[in-house]
Amino acid sequence: MSERGALRTRLDRLAREVAKFGAVGALGLLVNIAVFNLLRHTTDLQVVRASLLATFVAILFNYVGFRYWTYRDRDKTGRTRELMLFLLFSAAGAVIENGVLYAATYGFGWNSPVQSNVFKILGIGIATLFRFWSYRSWVFKALPAKDDVGVVAQGRVPAAPAEAIRRRGAGAAR
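Throughout what follows, the structure given in this document is the object of discussion. Computed from a prediction, not measured in an experiment: that's the story for all the values here.

This brings us to the overall build of the protein. Along the protein, the regular secondary structure elements total 6 helices and 0 strands. The linear arrangement of helices and strands in the protein, starting from the amino end, is α-α-α-α-α-α. Out of the 174 residues belonging to the protein, those deemed buried represent 33%. Surface accessibility of the protein: about 10900 Å² in total, with carbon and sulfur atoms responsible for 67%.

The structure is reproduced here in structure tokens:
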């Protein structure tokens, strides 16, 4: 496979991952906003407290979606580590998400239902970028490439991706 073909394959894989992450995230957004508005209109909770509870419910929903759909092909050996990292990075995302809402509500006095929803969604958008990067980099780790599994099992260091691609291409040409 040429380097261009390998790049196209990697970009296609990334596009599928982003689409799946986005689908789970979109459903999580609906859960988050629905729970937020339900709490906001049926309880006396303050805005940011209602938002934190809604975020927690959405985090639980998203973990199930990410683990069993978006990243189902990723390493499953360290579930405790995975869950702890997921919760850690989700908490950091919750701080980002609710920090935006907190600043709008208490810093600028923007507290109407429409304003609260706008800044909640803005915070979710910013936090989503952080979560995507952290989940794919640290939580749901990719398994080694199939060619590298045998090499690692033999105690050797796998080749750099470009070198491995060249070797495969040279082997196919023979």
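This brings us to the nonpolar core. Core analysis: the biggest nonpolar cluster contains 13 residues, and Phe21, Phe66, Tyr71, Phe86, Tyr135, Val139 and Phe140 have the highest contact counts within it. Only helix H1 (3-42), helix H2 (47-70), helix H3 (79-107) and helix H4 (113-139) provide two or more residues apiece to this core. Discounting residues that sit within four places of it in the chain, Phe140 has contacts with Tyr63, Phe66, Arg67, Tyr71, Arg74, Glu82, Phe86 and Tyr135. Of all hydrophobic cores here, the second largest spans 10 residues; its members include Val47, Val100, Leu101 and Phe119.

Counted according to the given criterion, the structure contains 5 salt bridges. Between Arg136 and Glu17 there is a salt bridge, with the nearest N and O atoms lying 2.9 Å from each other. One end of the pair, Arg136, is in helix H4; the other, Glu17, is in helix H1, and 119 residues separate them in sequence. Residue Glu17 is classed as buried on the basis of its relative accessible area, which comes to 9%. Here the salt bridges share partners, and the residues they tie into one network are Glu17, Arg74 and Arg136.

Parameters at a glance
- Residues numbered from 1 in each chain as written.
- Predicted model: local features only at pLDDT ≥ 70, side-chain atom pairs only at ≥ 80, totals over all residues.
- Heavy atoms only, no water.
- Helix = DSSP H or I, 4+ residues; strand = E, 2+ residues; numbered from the N terminus.
- Buried < 20%, exposed > 50% of the residue type's maximum accessible area, 1.4 Å probe, protein only.
- Areas by Shrake-Rupley, 256 points an atom, 1.4 Å probe, with all protein chains shown as cover.
- Core = buried A, V, L, I, M, F, W, Y, C linked by side-chain atoms within 4.5 Å.
- Contact = heavy atoms within 4.5 Å.
- Salt bridge = Lys/Arg side-chain N within 4 Å of Asp/Glu carboxyl O.

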